[in-house]
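One-letter residues, chain by chain:
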Amino acid sequence: MRTLSLVVLGLLVAACAQAPRQPLAGAPAGGALPADFSGSWERDYARGDEVSGALADAYYRLARTFPDQQQFGRAAPAGPPERDVAALYALARLAELITRGDVLGISQDAGEIQVEREDDFALTCAFHGGRAVGIENAFGREICGWDGTDLVSRLDLADGLTIVHRFTVSADRSQLRVVTTLDSPTSRVPFTLRRFYRRFERPAPDFNCVETLSMKRVCSTGEIEL
């Protein structure tokens, strides 16, 4: 699945033209981060967006960007051009692929937040002296910032595609909402998906493993004596 998401991402990047980057939310000041997202999170399928519903909403927004469609609103008899519909569908497909994992694992300290995702690369948010620091990776430039207690992670690709994840944790830290927005110069409107997660405790691993110089990795179901 990760390979498929990278293929779709590559197709979008190849079609993009350079677009100006939008300003990111401010970084935290001081040592303490505004919110704690650490822990294990599993998808709450009772909440959040269905891809088909989100795509329908985005389609109606797309239709209203054409002057001859505005008078008809949601019941427009003629749809947007096929090229624009295809570009929007590509964004929706990619959003579905990169948000379909059931589990998130988030580790956090004063200098870094890392979001491990199933079938996709980890999101890394680095802070030095309370300021967000951009990280270059194989896809583009990744940077994080804060909007109040919301964590905003943005990946800017060199050819204009932007992927933004907004993380919001509940006051009791039992619920997590992740709003993912994809924007591309090839699409007249962005595409957004909301996913919700519940905190859970991961079971203890069946095996304990350590790295050694002589035997490399050693694993056991009990304590390991070196």
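Predicted, not measured: the structure shown is a model, and the values here were computed from it.

### Structural notes on the overall build of the chain
The number of helices and strands found in the chain is 3 helices and 13 strands. By the burial criterion, 38% of the 226 residues in the chain qualify as buried. Considering only contacts within the chain whose residues lie at least 6 apart along the sequence, 55% involve residues at least 24 apart. For the chain, the exposed surface amounts to about 12600 Å²; the carbon and sulfur share of it is 52%.

### Concerning the sheet that holds strand S7 (residues 141-147)
Pairing in this open sheet of 11 strands is antiparallel, and the strands run S5-S4-S3-S2-S1-S11-S10-S9-S8-S7-S6 from one edge to the other. Every interior strand has two partners, whereas the edge strands, strand S5 (131-133) and strand S6 (135-136), have only one. Summarising the sheet, S7 and strand S8 (residues 150-156) pair through 7 bridges and their orientation is antiparallel. Each bridged residue has a counterpart across the sheet, and for Arg 141 the counterpart in S8 is Asp 156. This element, helix H3 (residues 82-98), spans strand S3 (112-117), strand S9 (162-169), strand S10 (175-183) and strand S11 (191-200) of the sheet and lies at about 10 degrees to S11.

### Some details on the pattern of salt bridges
Per the counting criterion, the structure on display carries 10 salt bridges. For Arg 198, the salt bridge identified is with Asp 44, shortest N-O distance 3.7 Å. Of this pair, Arg 198 sits in strand S11 while Asp 44 sits in the loop between strand S1 (39-43) and helix H2 (51-63), placing them 154 residues apart in sequence. On the basis of relative accessibility, which here comes to 7%, the residue Asp 44 falls in the buried class. A salt bridge links Asp 147 to Arg 166; the shortest N-O distance between them is 3.1 Å.

### Description of the packing of H2 against H3
How two helices pack is summed up by the angle between their axes together with the distance between the axes. Orientation of H2 relative to H3, taken along the N-to-C sense of each, is 150 degrees, at an axis distance of 11 Å. Here H2 is positioned roughly antiparallel relative to H3, judged by the angle of their axes. As H2 packs across H3, the resulting crossing turns out to be right-handed. Two secondary-structure elements touch here, H2 through Val 51, Leu 55, Ala 58, Tyr 59 and Leu 62 and H3 through Asp 84, Val 85, Leu 88, Tyr 89, Ala 92 and Glu 96. A per-class count over the contact of H2 with H3 returns 9 nonpolar, no polar and 2 charged.

### Some thoughts on a negative patch on the surface
A cluster of like negative charges, contributed by Glu 42, Asp 102, Glu 118 and Asp 119, occupies part of the molecular surface. Along the chain, the position of Asp 119 falls in the loop between S3 and strand S4 (123-128). Here Asp 119 falls in the partly exposed class, since its relative accessible area comes to 48%.

### What about unusual backbone geometry?
The phi torsion at Arg 173 lies on the positive side, around 60 degrees, for a residue other than glycine. With respect to the helices, strands and loops of the structure, Arg 173 is situated in the loop between S9 and S10. When its relative accessible area of 27% is taken as the criterion, Arg 173 is described as partly exposed.

Each value, and the rule that gives it
- Residues numbered from 1 in each chain as written.
- Predicted model: local features only at pLDDT ≥ 70, side-chain atom pairs only at ≥ 80, totals over all residues.
- Heavy atoms only, no water.
- Helix = DSSP H or I, 4+ residues; strand = E, 2+ residues; numbered from the N terminus.
- Buried < 20%, exposed > 50% of the residue type's maximum accessible area, 1.4 Å probe, protein only.
- Contact = heavy atoms within 4.5 Å.
- Areas by Shrake-Rupley, 256 points an atom, 1.4 Å probe, with all protein chains shown as cover.
- Pairing = 2+ DSSP bridges.
- Axes fitted to C-alpha atoms, helices over the stretch in contact; angles between N-to-C directions.
- Salt bridge = Lys/Arg side-chain N within 4 Å of Asp/Glu carboxyl O.
- Parallel < 35°, antiparallel > 145°, perpendicular 65-115°, else oblique.
- Left-handed = near helix turned anticlockwise from the far one by under 90°.
- Nonpolar A, V, L, I, M, F, W, Y, C, P; charged D, E, K, R; others polar.
- Patch = residues over 30% accessible without salt bridge, like charges linked within 9 Å, V, L, I, M, F, W, Y side chains within 5 Å.
- Lys, Arg positive; Asp, Glu negative; His and termini not counted.
- Charge placed at Lys NZ, Arg CZ, Asp CG, Glu CD.

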